[in-house]
Each structure stands twice: as C-alpha cells, then as structure tokens.
Amino acid sequence: MEGHDGRKMDTMKNDIREELKEEMTERFEEGFTYDEFMEDYDTHIQYKYNTHPMTKYECVAIVGNDLQLYLEMEEKANAFWVEIMGDDYAKSGMVNVVPLWLLYVAEEWKQDELENLYEELTRDPLAIQQ
C-alpha cells in the first residue's frame, strides 16, 4: 500500500499476539502434551474468531476510519484464504474480512511463537504465574 507505512497494522498484530500469549498461558494446564496444547489453541482461536459473527460496529472499532488499513487487512485475509482453501475469497466487507484477518494473525502467531510458549511453560512452571 503506497503511502501507508504499516505501523498501525504491526501495532495491532503485536497487541493480538500479546493477548493470545496471555490467554494461552492462562489456559495451560500442567501435564498438557504438545499435541493437546496445539489442539487447545486451534479450538480457542476458532471459537474466538470464527464462531460468532462480528458486527459492523465491532469491525469499525478495530479498523477505525483507516481505509488503507482495511485494504491491507483485506489483502492479507484474501491471501490467507487462498492458502488454506485453495480458491479465491469471494466475500468482501468488514464483517467478513476483519474476522478472517484476525484468524490469519492467530495462525501466523501459532507458526511463529506457540511452540516456544509451550516449551517455556513446560520448562518453567513459575512462568504460568507471571
């Protein structure tokens, strides 16, 4: 996106990643196997981002009046859809794009950080209390 430096998107993604880290730290149970932890995460993000439709007001609260931000979200969400489903994403509009973008961010975080969090939590039980 020309003229848009992406800082707002990066800040939003970082906030979402921090929130997911906190949630998964709280959800961690002693004795969770790696596979159980990953399955719990998948269930959690599907419930959080894919079970309850977002209202246009919730979407506007995330995007604000930033059309550049929305267009960047739409681009990422569409690419994510093609990656997971193998075809073009036919839906448009905030109530479709924003939740899919949130799911994309959650999946991206899973690929980048979730394994590290699991290792940290199983290695240091005190990390759960922090």
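What counts, and at which threshold
Residues numbered from 1 in each chain as written. Predicted model: local features only at pLDDT ≥ 70, side-chain atom pairs only at ≥ 80, totals over all residues. Heavy atoms only, no water. Core = buried A, V, L, I, M, F, W, Y, C linked by side-chain atoms within 4.5 Å. Buried < 20%, exposed > 50% of the residue type's maximum accessible area, 1.4 Å probe, protein only. Helix = DSSP H or I, 4+ residues; strand = E, 2+ residues; numbered from the N terminus. Contact = heavy atoms within 4.5 Å. Expected span 1.5 Å × (residues − 1). Bend = angle between axes of the 7 residues up to and from the residue. pLDDT = per-residue confidence, 0-100. Salt bridge = Lys/Arg side-chain N within 4 Å of Asp/Glu carboxyl O. Patch = residues over 30% accessible without salt bridge, like charges linked within 9 Å, V, L, I, M, F, W, Y side chains within 5 Å. Areas by Shrake-Rupley, 256 points an atom, 1.4 Å probe, with all protein chains shown as cover. Lys, Arg positive; Asp, Glu negative; His and termini not counted. Charge placed at Lys NZ, Arg CZ, Asp CG, Glu CD.

A. Representation of the nonpolar core. In this structure, Leu20, Phe37, Tyr41, Tyr49, Met73, Trp101 and Leu114 are the most contacted members of the largest nonpolar core, which totals 35 residues. When residues of this core are traced back to their parent elements, those giving at least two are helix 1 (7–27), helix 2 (34–51), helix 3 (56–63), helix 4 (67–85) and helix 5 (94–123). Among the elements that take part in this core, helix 5 stands out by supplying 14 residues, more than any other. Not counting the four nearest positions on each side in its chain, Phe37 is found in contact with Met24, Phe28, Phe32, Leu114, Leu117, Tyr118 and Leu121.

B. Structural detail: helix 5. With 30 residues, helix 5 extends 41 Å from end C-alpha to end C-alpha; this agrees with the ideal 44 Å at 1.5 Å per step. Residue Glu113 marks the point of greatest curvature in helix 5, where the axis turns by about 55°.

C. Inspection of the confidence of the model for the protein chain at higher detail. Predicted confidence across the protein chain gives a mean pLDDT of 86, with 91% of residues reaching 70 or more. Across the protein chain, the secondary-structure element scoring lowest on mean pLDDT is helix 4, at 90, and the one scoring highest is helix 3, at 93.

D. The environment of Val60, seen in detail. In this structure, Val60 sits in helix 3. Along the backbone, Val60 and Met85 are 25 residues apart, and their C-alpha atoms lie at a distance of 26 Å.

E. Here's a closer look at the pattern of salt bridges. For the structure on display, the rule yields eight salt bridges. Note that Glu19 is salt-bridged to Lys48, the shortest N-O span being 2.3 Å. Of this pair, Glu19 sits in helix 1 while Lys48 sits in helix 2, and the two are 29 residues apart along the sequence. Assessed through its relative accessible area of 37%, Glu19 is described here as partly exposed. When its relative accessible area of 25% is taken as the criterion, Lys48 is described as partly exposed.

F. Local environment of a negative patch on the surface. A surface patch of like charges, here negative, comprises Asp15, Glu18, Glu22 and Glu26. Tracing the backbone through its elements, the reader meets Asp15 in helix 1.

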